[in-house]
Amino acid sequence: MKRLTPSPVHTPPQAEADPDRITPSDRNKTPPSPNRGVRNTRRALIDWIEYTIPDLDPLEHLINLGLDSDLTELQGGLGYANSKAHSCGARIYYGGREDMGTHVKFSGGALRAYRHSVYNIIAAANIASANYTRIDLALDLKSDAFTIDHLYSKFRSGLVSMLWHSCDLRESYGRDTKLQGRTLYMGSRESNVFFRFYDKALESKKPEFKDTERLELEFKKTAADIIGKQLEKGVLPQDQILSTLRKYLQIKEKKAGKNRSRWPPCPIYEQLLGDAEQIKLTQPDEPLTIERAKEIYWRQSAGLAHVIAEYDGNTAFLDAARSGAGYRLSAKHKALLEQKKKEMNN
């Protein structure tokens, strides 16, 4: 492995003025990183950040992150020819195709070892027009009424409604038969939002995590990018966790003599959520244009049309579709055609 030559520490450039955005120049003004220890009964933290930036040369971005020294050159990965590892554990992948840009990964351990505020990473990513591919947010519950046992008991009693398709409680034991770990999972690792709820005291063994259980949400793909953009605007991790739970997980309290649909929300869960509103984790649909319609056709229908034409030996069915036989234009399609006609007549 080749040790890269350290370069002098530089002050990152100031981003365009935006009152809702934290920039690397605010590094010393931001609150201490929430990734160090637990002081309150409920404390939220960012436990993983992964994103891609358009720049092919990672040097300027490394300077903004404060990672331009103490780097080790490693083999590539994730489809990139090269990568660098910082002493804190961060990985930077580069040397891919032009459309791949540079990929940056901060694991939970790297975030804890990072010598600046975690919000400095968010600010640097913002400046570089990052597309976030994974963000993990965690909420530590210390001696809290909302526990793994409480949630799993509600699930087994049929009092839980969720957008995830599965719920799985796993326990691990040592050779001495003592419990070593306990985690409740909802959803799958491949989904856009994955839920973990585990015993932090068993996992860590550190005294500061005594009687603490950690609730984690792992965001990927579009959901991760939306969460990242909200962090750039200053939305707190705890607010995003609770808003996501409000959308994905509903817990009822059984009441005798009442119809199931009228059972009230679980008060313990509602106390946790507070006034959090449901989060929206999908991007708005792009407006339909002729070019967009062509793109949709070539992606979804062109291959099928070719198969039908080859089978029939002619393309009469396509002419029939154009004349309206067997197909009725929707109001949206009619409006699009009328718009195109007006543009051509002007």
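Just so it is clear, the structure is predicted and the values come from calculations on it, not from any experiment.

K.L.:
Could you give an account of the overall build of the protein chain, with specific residues and numbers?
P.N.:
Secondary structure assignment for the protein chain yields 12 helices and 13 strands. When each of the 346 residues of the protein chain is scored for burial, the buried share is 42%. Nonlocal contacts in the protein chain, meaning residues at least 24 apart in sequence, comprise 63% of its contacts between residues at least 6 apart. Carbon together with sulfur atoms contributes 50% to the accessible area of the protein chain, which is approximately 20200 Å² in total.

K.L.:
How would you summarise the nonpolar core if you had to cite specific residues and measurements?
P.N.:
If you look at the biggest cluster of nonpolar residues, it comprises 62 residues, and the most contacted ones within it are Ile49, Tyr51, Phe106, Leu151 and Leu245. Considering each element in turn, this core owes the most residues, 6 residues, to helix α3 (residues 118-127).

K.L.:
How would you summarise the side chain of His86 if you had to cite specific residues and measurements?
P.N.:
Looking at where His86 falls in the secondary structure, it is placed in strand β4 (residues 80-86). Look past the residues within four positions of His86 in its chain and what remains in contact with it is Leu67, Ser69, Asp70 and Leu71.

K.L.:
So what's going on with the pairing of strand β10 (residues 179-186)? Residues and values would help.
P.N.:
As paired elements, strand β9 (residues 167-173) and β10 share 7 bridges and run antiparallel to each other. Bridged to Glu171 within β10 is Arg182.

K.L.:
Could you give an account of the environment of Ala123, naming the residues involved and the relevant values?
P.N.:
Tracing the backbone shows Ala123 in helix α3. For Ala123, a relative accessible area of 1% puts it in the buried group. In sequence terms Ala123 and Asn64 are 59 residues apart; their C-alpha atoms lie 8.8 Å from each other.

K.L.:
Could you give me a rundown of the confidence of the model for the protein chain, with the residues and numbers involved?
P.N.:
Of all residues in the protein chain, 76% attain a pLDDT of 70 or more, and the chain-wide mean is 83. Of all the helices and strands in the protein chain, strand β1 (residues 2-3) carries the lowest mean pLDDT, 41, while strand β6 (residues 102-106) carries the highest, 98. The low-confidence segment residues 1-40 (pLDDT under 50) makes 76 contacts with residues lying over four places distant or belonging to another chain.

K.L.:
I'd like to hear about the packing of aromatic side chains, residue by residue, with values.
P.N.:
Ring pairs (aromatic) are described by centroid distance and by the angle formed between their planes. With the rule as written, the count across this model stands at 10 aromatic pairs. Ring centres of Trp164 and Tyr248 lie 5.0 Å apart, and the angle between their planes is 35°; this geometry places the pair in the tilted category. Here Trp164 is found in the loop between β8 (160-162) and β9, whereas its partner Tyr248 is found in helix α7 (residues 237-248), with 84 residues between them in sequence. Both residues of the pair, Trp164 and Tyr248, count as buried. Measuring from centroid to centroid gives 6.2 Å for Phe195 and Phe197, while their planes differ by 80°, and the two rings are edge-to-face. Of the two residues, Phe195 and Phe197, neither departs from the other in class, the shared state being buried.

K.L.:
Kindly report on the side chain of Thr102, identifying the contributing residues and their values.
P.N.:
By the element assignment, Thr102 lies in strand β6. Judged by relative accessible area, which is 0%, Thr102 ranks as buried. From its side chain, Thr102 meets the backbone oxygen of Asp55 in a polar contact 2.6 Å long. Setting aside its immediate chain neighbours within four residues, Thr102 contacts Tyr51, Thr52, Ile53, Asp55, Leu56, Asp57, Pro58, Tyr80, Ile92, Tyr93 and Tyr94.

K.L.:
Kindly report on the environment of Cys266, identifying the contributing residues and their values.
P.N.:
Here Cys266 lies in the loop between β13 (249-251) and α8 (267-273). On the accessibility criterion, Cys266 (1% relative accessible area) is buried. Spatially, the C-alpha atoms of Cys266 and Glu253 are 4.7 Å apart, while their sequence positions differ by 13 residues.

K.L.:
Residue-level account of the pattern of salt bridges, with values.
P.N.:
This structure, assessed with the given rule, holds 17 salt bridges. In this structure, the salt-bridge partner of Arg134 is Asp136, at a minimum N-O distance of 2.7 Å. Each of the two residues, Arg134 as well as Asp136, counts as buried. With its nearest N and O atoms 2.7 Å apart, the salt bridge here joins Arg182 to Glu171. Linking Arg182 in strand β10 with Glu171 in strand β9, this pair joins segments that are 11 residues apart in sequence. By relative accessible area, which is 15% here, Arg182 ends up buried. Taking the relative accessible area as the measure of exposure, Glu171 reaches 38% and is therefore partly exposed. Three or more residues are tied together by salt bridges with common partners; here these are Arg134, Asp136, Arg189, Arg196, Glu216, Glu218 and Lys220.

Thresholds applied
Residues numbered from 1 in each chain as written. Predicted model: local features only at pLDDT ≥ 70, side-chain atom pairs only at ≥ 80, totals over all residues. Heavy atoms only, no water. Helix = DSSP H or I, 4+ residues; strand = E, 2+ residues; numbered from the N terminus. Buried < 20%, exposed > 50% of the residue type's maximum accessible area, 1.4 Å probe, protein only. Contact = heavy atoms within 4.5 Å. Areas by Shrake-Rupley, 256 points an atom, 1.4 Å probe, with all protein chains shown as cover. Core = buried A, V, L, I, M, F, W, Y, C linked by side-chain atoms within 4.5 Å. Pairing = 2+ DSSP bridges. pLDDT = per-residue confidence, 0-100. Phe/Tyr/Trp six-rings, centres within 6.5 Å; stacked < 30°, edge-to-face > 60°. Polar contact = N/O pair within 3.5 Å; in protein donor to acceptor, adjacent residues only side chain to side chain. Salt bridge = Lys/Arg side-chain N within 4 Å of Asp/Glu carboxyl O.

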